[in-house]
Amino acid sequence: MLNITLNRRIVADGWRRVSGSLVDLLYPPECCWCSHEIDNSTRLCDPCRKLFISDYYRCQKCATPLPTVLPNADCVRCRDAKWQFSRVVTLSPYRGEIRKAIILMKKPPFEILRRALADLLADRLAVEQILPSSSSTAASVGPAPVLVPVPYHWTHNFSAATDTSVRLARFIGSATGVPVANRIIRRTRKTAKQGMLSWSERKANVRHAFEIRSAESLNGRHVLLVDDVLTSGTTAAEISRL
């Protein structure tokens, strides 16, 4: 039975490769943003990758864009807010093509675009050395890191929008091998959209809007909180406070 199972797997793997090649021949892979033909191992062409990744001058902690004449190790916004998260990793400021992509990414048909942007975030984590390298030992890095998506309220299930943060976290987890804990945090009440509120109203909007389940499972772990957009930072700050 073991030999038969292995042979079936070999045949199945071979058939998938052949069928995939036939599909690529009939329908050449396209960039999910500009539709230009690309290599099968990617989802974005190089020019579009560059559209979504910006090495802009930013605060080293909250990633707020800063004038180059200001030091980026201690911006006024961070100093006043006293964030309890240690760092923000982002692709680009929320404007231009990345803004258009994020708006589309919230819609169910754009699964490939969500995966492409998640791949870029996974690459960014590697470039900025956020995750321990594969050569690190368990003794040196401690408990494994975990990806935690910012949760929606349960009523979100009745809307047409996708649970973007969960999808992003899952795709990042697939690319990095980091486990996803999407039930650790629960949104206990429905909140107004942060983008529709003034900066002073946003903190009150999310205060006490979340709770942590099984908090002990996070003890000593490096938590990567995943969301599609960070504007004022108040949602990330509230969950980090918990």
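Residues numbered from 1 in each chain as written. Predicted model: local features only at pLDDT ≥ 70, side-chain atom pairs only at ≥ 80, totals over all residues. Heavy atoms only, no water.

**Here's the deal with the overall build of the chain**
Step number 1: Regarding its fold elements, the chain presents nine helices and four strands.
Step number 2: Counted from the first residue to the last, the chain has its helices and strands arranged as α-α-α-α-α-α-β-α-β-α-β-β-α.
Step number 3: Counting over 242 residues, the chain shows a buried share of 34%.
Step number 4: Residue pairs at least 24 apart in sequence account for 64% of intrachain contacts in the chain once pairs closer than 6 positions are excluded.
Step number 5: Surface accessibility of the chain: about 15,100 Å² in total, with carbon and sulfur atoms responsible for 55%. (Helix = DSSP H or I, 4+ residues; strand = E, 2+ residues; numbered from the N terminus. Buried < 20%, exposed > 50% of the residue type's maximum accessible area, 1.4 Å probe, protein only. Contact = heavy atoms within 4.5 Å. Areas by Shrake-Rupley, 256 points an atom, 1.4 Å probe, with all protein chains shown as cover.)

**Some details on the packing of aromatic side chains**
Step number 1: Under the counting rule described, the total for this entry stands at two aromatic pairs.
Step number 2: With a centroid separation of 5.4 Å and 70° between ring planes, the pair formed by Trp 33 and Phe 52 is classed as edge-to-face. Linking Trp 33 in the loop between helix 1 (2–26) and helix 2 (46–52) with Phe 52 in helix 2, this pair joins segments that are 19 residues apart in sequence.
Step number 3: Relative accessible area serves as the criterion here: at 0%, Phe 52 is assigned to the buried category.
Step number 4: Each ring, one from Trp 83 and one from Phe 85, has its centre 5.1 Å from the other, and the planes form 20°; the classification is stacked. Judged on exposure class, the residue Trp 83 and its partner Phe 85 are both buried.
Step number 5: Above the ring of Tyr 56, the side-chain terminus of Arg 58 is found at 4.0 Å from the ring centroid. (Phe/Tyr/Trp six-rings, centres within 6.5 Å; stacked < 30°, edge-to-face > 60°. Lys NZ or Arg CZ within 6 Å of the ring centre and 35° of its normal.)

**Some remarks on the nonpolar core**
Step number 1: Judged by nonpolar contacts, the single largest core of 28 residues is most densely connected at Leu 44, Phe 52, Leu 117, Leu 147 and Ile 172.
Step number 2: Mapped by element, the contributors of at least two residues to this core are helix 2, helix 4 (96–105), helix 5 (111–127), helix 7 (164–176) and strand 4 (223–226).
Step number 3: Among the elements that line this core, the one with the most residues is helix 5, at eight residues.
Step number 4: When near neighbours in sequence (up to four residues on either side) are disregarded, Leu 44 contacts Cys 31, Cys 32, Trp 33, Ile 38, Arg 49, Phe 52, Ala 116 and Leu 120.
Step number 5: Counting 12 residues, the second-largest nonpolar core is a separate cluster that includes Cys 62, Cys 78, Trp 83 and Ala 237. (Core = buried A, V, L, I, M, F, W, Y, C linked by side-chain atoms within 4.5 Å.)

**Examining unusual backbone geometry**
Step number 1: One non-glycine residue, Ser 35, lies in the positive phi region at around 70°.
Step number 2: In this structure, Ser 35 sits in the loop between helix 1 and helix 2.
Step number 3: Even without being glycine, Lys 82 reaches a positive phi, approximately 55°.
Step number 4: On the secondary structure map, Lys 82 appears in the loop between helix 3 (76–81) and helix 4.
Step number 5: We classify Lys 82 as exposed; its relative accessible area is 66%.

**A look at the pairing of strand 1 (residues 146–149)**
Strand residues, when the strand is regular, have side chains that alternate between the two faces of the sheet.
Step number 1: Side-chain alternation along strand 1 places Val 146 and Val 148 on one buried face and Leu 147 and Pro 149 on a second face that is also buried.
Step number 2: Inspection of the sheet shows strand 1 paired to strand 4 by four bridges, in the parallel sense. Considered in strand 4, the bridge of Pro 149 is made with Val 226. (Pairing = 2+ DSSP bridges.)

So far we have only geometry, and geometry alone does not tell us how the molecule works.
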